[in-house]
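If you want the building blocks of each chain, they are given just below.
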Amino acid sequence: MSVLLDVRDLRIEFHTSEGIGRAVNGIDLSVDERQIMGIVGESGSGKSVIASGLVNLVNPPGKIVSGTVMYRGRDLLREPDRSLQRIRGREIGLIVQNAKSALNPLIPIGRQLANAIRAHGTRDAQAAADHAILMLEKVGIPDPVMRLHSYPHQLSGGIAQRVMIAMALSSNPRLLIADEPTSGLDVTIQAQILDLIHTLVHELHSATFLITRDLGIIAQHCESIAVLYAGLIIEQAPVRVFFRHPTHPYSEALIKSVATTRERGRRLLPGTSPNIYDLPGGCPLNPRCPLVQPICREAMPGLQETSPGHFVRCHVRALESN
Amino acid sequence: MVPIVRVEHLVKHFSIARSTKALQAVNDVSFSIAPGETLGLVGESGSGKTTVGRCVLRLIEPTGGRILFEDRDLTSLSQESLRVLRPRLQLVFQEPFDSLDPQMTVGQILAEPLRLHTRLTSAERRDRVFELLELVGLRRQLTEYYPHQMSAGQQQRVGIARAIATRPSFIVLDEPVSSLDPTARAEIIDLLIDLQERLSIAYLFISHDLTTVRYLSTWVAVMYLGKIVEMSPTEELFEQPSHPYTRALLSAVPVPDPEVKRPKYVLEGEIPSPINLPSGCHLHTRCPAAIAACRTTTPEEVQVGEAHWVACIRAHELRAQQAWEKQSFPPLAV
């Protein structure tokens, strides 16, 4: 298997009147062909900013301040706009949350889809229109020919989401970045869409970053997982290893929070995620962590390999595993 | 136990402008809830679950049926006599921020129901506000805060504190944790359980999230297109889902454990419009187990276990088949 995308030391900041918001604080990530990599994090963990950072689409006041994103020998953060635009959409597809607001409300979806297809290679209008119908069929939209003329407001959330996915997949991208692709959808529709992404990834030999806050989706659809907290990866592992041995105290709390059977006095984390404009010194979890030691307030722990392929950013756990 | 809330044959239709048709949101729904227990009402968008919650509190007028609260029929009460009962019937909303007045401090928000519904002096009200904050696990200093200065989890704690301020015996929880992150969600669920045990409040917990429903509920009722299709004690429902719709819902929930693979049980397409309901069993257009009779027969409720009802003409047959499947292909679990 070969690495398709390799991210090193990605840092993204927001420079505003409130000061400097450190949203992403040195992320290393990579994904192989035909792999689905799950990225889990709660609000404010930086997960959506990372999605836009991967394709160099961070909007001001956000700014990528360092890092490399290597894609097939090229650094997307240093690529000229023209060639970036060719790569985005054609080779890298992006699925965002809230498909309805991402679609243009004034243009029928068939034309939006055909425009995207033409922008990414197909010159002939008729061929683009035919391809649009084929894609709508592929994502399981009933009566695709009729749907071509619908405007986004006439679609249900599930159908609009599928149109977005059809658009992202229309150019057979090598890499798919899906940011909460099913949030706000009912579970039966969610299952259909995730199965679709799964099949298409394996059919097209592409790779996917699946960003979500739902551990169930990660467990069922991904090969490996990276857990984000305050713009840092705090644990990374193959999915089976992670769910059997969650090691970081934050990961343990996350897994406990989705338990189905009642546990008396289960230990969750007190408090809330830190403010990115005012991150605590040392380990960002230290104000909430049940294992906290003096060193956690002083030094940022490094990401340590505790077993092959299993990385954890925690002073206490790193000591225990040695 | 004598139920505190009994809903009998509840119907709610909304009329549609310039049309003779009606949107049939709720069609003949009945259930009861005992003091200190939780009924989880689950279903997807358009199932009518939120409408049921609003009708039960008479925030909207039911089209038909009765709602008995401690044996008094709420549907026949005047607004004035309903107002006297209001403190005992409360509601917690889905979006904590939207449900709190942005111009009021937490202290003012919590004192308001006390001002409206009790005769407490202002000093007593202040003490009660502190007591409420403690009950929901918030610091006293928060009385001076405005909603936007708090996290979503803290806002929802305030929403819950406001609901319990007047010592209700019944609370409708309408998706109270759906907009929260997983860790905050778990904390709020634990808080709701804790309050229920201490104050013995009955909950109607409306949610599309089966994991939290399982964690919180004593009983579960599953709704599809305005009808309850299955109702049973919680664990029984999750262990032996007997309506094809319940099975499909459960199989669609991604289990947070990569070692467990649920058997696939997929419904075709999307939920039909409640304006043009399908004939017979409303699920027949999507149901993998549908037979010809499902198109014409309206299914009666069948009892399949102790206190376990299913509205499906093939219920017994499918349960037998499922039991066989379970024996032959046990679910993969470690």
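Note that the structure is predicted; figures quoted are calculated from it, not measured. (Residues numbered from 1 in each chain as written. Chains lettered and ligands numbered in written order. Predicted model: local features only at pLDDT ≥ 70, side-chain atom pairs only at ≥ 80, totals over all residues.)

**Looking at the overall build of chain B**
Of the regular secondary structure elements, chain B holds 10 helices and 12 strands. Computed over the C-alpha atoms, the radius of gyration of chain B is 21 Å, within 12% of the 20 Å expected from 2.2 N^0.38 for a compact globule of 334 residues. (Helix = DSSP H or I, 4+ residues; strand = E, 2+ residues; numbered from the N terminus. Rg over C-alpha atoms; globule rule 2.2 N^0.38 Å.)

**A look at helix H11 (residues 249-256) of chain A**
For H11 of chain A, the complete set of buried residues consists of Pro 249, Tyr 250, Ser 251, Ala 253 and Leu 254 of chain A. The inward-facing, buried residues of H11 of chain A contact helix H9 (215-221), strand S9 (224-229) and strand S10 (232-238) of chain A together with helix H6 (182-199) of chain B. (Buried ≥ 20, exposed ≤ 12 C-beta atoms within 10 Å, placed from the backbone. Contact = placed C-beta atoms within 7 Å.)

**Details of the interface of chain A and chain B**
Chain A puts 31 residues into the contact, and the matching count from chain B is 26 residues. Sort the elements by how many residues they give to the side of chain A that touches chain B and H9 of chain A lands first, with 5 residues. By residue class, the composition of the side of chain A that touches chain B is 14 nonpolar, 10 polar and 7 charged. (Nonpolar A, V, L, I, M, F, W, Y, C, P; charged D, E, K, R; others polar.)

**Let's talk about the sheet that holds strand S1 (residues 5-15) of chain B**
Residues and elements named next belong to chain B. Taken in spatial order, the 4 strands line up as S2-S1-S4-S5 in an open sheet, and their pairing is antiparallel. The open sheet has two edge strands, strand S2 (22-33) and strand S5 (72-73), and neither has a second partner. Alignment of strand S4 (residues 64-69) against S5, held across 2 bridges, turns out to be antiparallel. Each residue of the ladder has a partner; that of Leu 68, found in S5, is Asp 73. (Pairing = 2+ DSSP bridges.)

**Topic: the nonpolar core**
Counting residues in hydrophobic clusters, the biggest one holds 179 residues, and the most contacted among them are Leu 113, Val 163 and Ile 177 of chain A together with Leu 204 and Val 222 of chain B. Among the elements that line this core, the one with the most residues is helix H7 (residues 157-169) of chain A, at 9 residues. (Core = buried A, V, L, I, M, F, W, Y, C linked by C-beta atoms within 7 Å.)

**A short note on the sheet that holds strand S3 (residues 36-40) of chain A**
Residues and elements named next belong to chain A. Taken in spatial order, the 8 strands of this open sheet run S6-S7-S8-S3-S9-S10-S12-S11, and their pairing is mixed. Strands with a single pairing partner mark the edges of an open sheet, and in this sheet they are strand S6 (92-95) and strand S11 (304-307). Here the strands of the sheet are splayed against their neighbours by 20° on average, with no regard to which way each runs. Summarising the sheet, strand S7 (residues 175-179) and strand S8 (residues 207-212) pair through 5 bridges and their orientation is parallel. Within the sheet, the bridge partner assigned to Leu 176 lies in S8 and is Thr 208. Against the sheet, H7 engages S6 and S7, with an angle of about 170° to S6. (Axes fitted to C-alpha atoms, helices over the stretch in contact; angles between N-to-C directions.)

**Re the domain arrangement of chain B**
Residues and elements named next belong to chain B. Domain annotation for chain B reports domain 1 (5-105 + 167-239) and domain 2 (241-334). In this structure, domain 1 and domain 2 have C-alpha centres spaced 23 Å apart. With 22 residues of domain 1 at the interface, the matching set in domain 2 holds 21 residues. For the side of domain 1 that touches domain 2, the secondary-structure elements that each account for two or more residues are S2, helix H7 (210-216), strand S9 (219-224), strand S10 (227-233) and helix H8 (234-239). When residues in the side of domain 1 that touches domain 2 are grouped by element, the largest group, 6 residues, is from S10. Residue classes in the side of domain 1 that touches domain 2 are distributed as 12 nonpolar, 5 polar and 5 charged. (Domains from an automatic or database assignment.)

**Looking at the pairing of S10 of chain A**
The element S10 of chain A is extensively covered by neighbouring structure, given that 6 of its 7 residues are classed as buried. Taking the residues that link successive antiparallel strands as the turn, the S9 of chain A-S10 of chain A hairpin has 2 residues, and the phi of Ala 230 of chain A there is positive, at about 50°.

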